[in-house]
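These are the residues of each chain, in order.
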Amino acid sequence: MGIEELTRNAVDVLPARALEAKLKLGRPLRIKLGIDPTSPDLHLGFAYALENLRAFQEEGHEIVLIVGDYTARIGDPSGRSAERPVLPGEVLDANAKQFEQQAYRIIDPAHTTVRFNGEWLGKLTYEETVQLCRTMTVARLLERDDFAKRFAAHAPISLSELLYPLMQAYDSVAIEADIEVGGTDQLYNLLAGRDVMTQYGLEPQVVMTFPLLIGLDGAEKMSKSKANYIAVQDPPEEMFGKVMSIPDALLPQWWDVCLAREPPAAEPMDSKLALAHGIVEKWHGAEAAAGAERHFTLVVREHHAPDDVPEATLPDGDPVHVPALLVERLGLGSTSEARRLIQQGAVKVDGTAITEVDLPRERLEGATLQAGKRRFVRFHRA
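One structure accompanies this document, and this report is about it.

Cut-offs applied
Residues numbered from 1 in each chain as written. Predicted model: local features only at pLDDT ≥ 70, side-chain atom pairs only at ≥ 80, totals over all residues. Heavy atoms only, no water. Helix = DSSP H or I, 4+ residues; strand = E, 2+ residues; numbered from the N terminus. Buried < 20%, exposed > 50% of the residue type's maximum accessible area, 1.4 Å probe, protein only. Contact = heavy atoms within 4.5 Å. Pairing = 2+ DSSP bridges. Axes fitted to C-alpha atoms, helices over the stretch in contact; angles between N-to-C directions.

Describing the environment of P156
Here's step 1: Considering the arrangement of structural elements, one finds P156 in the loop between α8 (145-152) and α9 (159-175).
Here's step 2: Given the relative accessible area of 70%, P156 is considered exposed.
Here's step 3: When the C-alpha atoms of P156 and M208 are compared, they prove to be 31 Å apart, with 52 residues separating the residues in sequence.
Here's step 4: Not counting the four nearest positions on each side in its chain, P156 is found in contact with R150 and E161.

This is the structure:
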């Protein structure tokens, strides 16, 4: 396989001709890719990066997935206007394990090593941390676009955030990475890895970046922290519906990134239907894709309840408080979210939108309650 195939979808391969030199070393290369363990979901944008790396594995090279269990306690500030919240360690560990299992749907576990950066970052002494800090100046750190904007706006930047690029760079030192891969928004961090490796007397890594898949909102990159993503383990009907919700302007990029094909139809709706079918088929199979499309046509386009609506019992009491019911029986995140859906006319009883937050019990007995386009429950008749 030639270098053109290995770099087919890359935006940056830096420095020029360095990858060719690495490939001539005559040994398996270590290709580093960082994992954010703040959520267990592997989304379509990250899956794209893994698909590109599978080509390296087919040539005998090794992928090293770096689970940022330690750096997640700081939070990657890339593209952020404020410091990120920190999750408990046990949650990060559980998320990382689930993420790893999903990744093996794409990459070969026989040529994959998983490392947690707490292995080395958690053991650094204060003296060693100061030594790491000496490898980069504050002026260099403030060249980062997100830091520069916050500094100019007099917005807070914690010292822990300034340390993040150095800690991610030290990951490359710890595993002696030959190549580091990331999205285009990670270019600064990846180049910082080269600088720090040089300071530790190591051959600096080659940097490769790949395009960022724009998320469901049509504005920002697909991201777990922004909740604008489709997870590869989303159920077929939910995955299909989410694809159908993207703005038409995203169709060319989504066809390219998610399916590596040109849109087969000029009409946006036809193109989007084919895209949704193709993505669901890719992750769940042809039968699931056909079923998801039938479900979408029945429920969303023809406004019927699906045939397989789950059944539930009503809680005690009369009247029934609908926001609490939506949280308990339909899995909405909060009663405030439920109230917003009611105000928007997105909550229906037997197909009719409601405006009340409290309903007589008899109106809900034997009825189908719907929230949004894809959440349904039918209540047992008394």
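Looking at the sheet that holds strand β5 (residues 179-183)
Here's step 1: Read from one edge of the open sheet, 6 strands run β1-β6-β5-β2-β3-β4, paired in mixed fashion. On the outer flanks of this sheet lie β1 (12-14) and β4 (112-116), each paired with one strand and no other. Direction aside, the axes of adjacent strands within the sheet are offset by 20° on average.
Here's step 2: By the bridge criterion, 6 bridges tie strand β2 (residues 30-35) to strand β3 (residues 62-67) in an arrangement that is parallel. Residue pairing for β3: G34 is matched across the bridge by I66.
Here's step 3: The strands touched by helix α3 (residues 44-58) are β2, β3, β4, β5 and β6 (206-210); relative to β2, the strand with the most contacts, the crossing angle is about 165°.
Here's step 4: Against the sheet, helix α4 (residues 89-103) contacts β2, β3 and β4, and its axis sits at roughly 170° relative to β4.

These results come straight from atomic positions and should not be treated as a statement about function.
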